[in-house]
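Notes for the structure review
The residues making up each chain are set out below.
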Amino acid sequence: GKLEFFPGSLRFESTFPGQVQSQVVAARSTFERPLRIQRIWSSNPRLVPQLLNESLSPLVRTEVVRIHFDPSRSAALRELTTTGNALDWNASLTEEMVECWESFHRNWNRFLWEGPEIIETEL
């Protein structure tokens, strides 16, 4: 037998941190016996799967997972928002402050370019 997933790929609209989008993925099994889903996970922290059904009956299309796209879970955004929290920005300029500022800009640029790309992940 085999497993088929519907839709085959997901497309989320452009969004911003604070706005979460969701889509449901269904599956159909051609195995003769019911299948039990033990876990669904994503390698991309912005995609959060929520298991809807733990079992698949043979030849029945079943909604199995709701995928939440949460741009605020971006690693670049987390680094961006924590950069420089421990520094005293009213003190004299130090090499540590310059490095922190450069890190902030690297993370900001990475965050800006991370969003419009196609997100590929394993579920």
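Below is a summary of the structure that appears in this document. (Residues numbered from 1 in each chain as written. Predicted model: local features only at pLDDT ≥ 70, side-chain atom pairs only at ≥ 80, totals over all residues. Heavy atoms only, no water.)

Right, let's get into the overall build of the protein chain. Counting its secondary structure elements, the protein chain contains two helices and six strands. Mapped from its N terminus to its C terminus, the protein chain presents α and β elements in the order β-β-β-β-β-β-α-α. For the protein chain, buried positions account for 25% of its 123 residues. Taking the contacts inside the protein chain whose residues are at least 6 apart along the sequence as the reference set, 59% of them involve residues at least 24 apart. Carbon together with sulfur atoms contributes 50% to the accessible area of the protein chain, which is approximately 8900 Å² in total. (Helix = DSSP H or I, 4+ residues; strand = E, 2+ residues; numbered from the N terminus. Buried < 20%, exposed > 50% of the residue type's maximum accessible area, 1.4 Å probe, protein only. Contact = heavy atoms within 4.5 Å. Areas by Shrake-Rupley, 256 points an atom, 1.4 Å probe, with all protein chains shown as cover.)

Take a negative patch on the surface next. On the surface, E95, E96, E99 and E102 cluster together to form a negatively charged patch. Along the chain, E95 turns up in helix α2 (residues 95–114). A relative accessible area of 63% means that E95 is categorised as exposed. (Patch = residues over 30% accessible without salt bridge, like charges linked within 9 Å, V, L, I, M, F, W, Y side chains within 5 Å. Salt bridge = Lys/Arg side-chain N within 4 Å of Asp/Glu carboxyl O. Lys, Arg positive; Asp, Glu negative; His and termini not counted. Charge placed at Lys NZ, Arg CZ, Asp CG, Glu CD.)

Moving on: the pattern of salt bridges. Under the defined criterion, the tally for this structure stands at two salt bridges. Residues K2 and E4 are paired through a salt bridge, measuring 3.6 Å at the closest nitrogen-oxygen approach. Given a relative accessible area of 24%, E4 falls into the partly exposed group. R28 is paired through a salt bridge with E4; the nearest N and O atoms lie 3.0 Å apart. Placement of the pair is R28 in strand β2 (residues 21–29) and E4 in strand β1 (residues 3–6), with a sequence separation of 24 residues. Overall, R28 belongs to the partly exposed group, its relative accessible area being 25%. Salt bridges sharing partners connect three or more residues here, namely K2, E4 and R28.

Applying the stated criterion to the full structure yields one aromatic pair. If you follow R61 out to its NZ or CZ, it ends over the ring of F6, 4.2 Å from the centre. (Phe/Tyr/Trp six-rings, centres within 6.5 Å; stacked < 30°, edge-to-face > 60°. Lys NZ or Arg CZ within 6 Å of the ring centre and 35° of its normal.)

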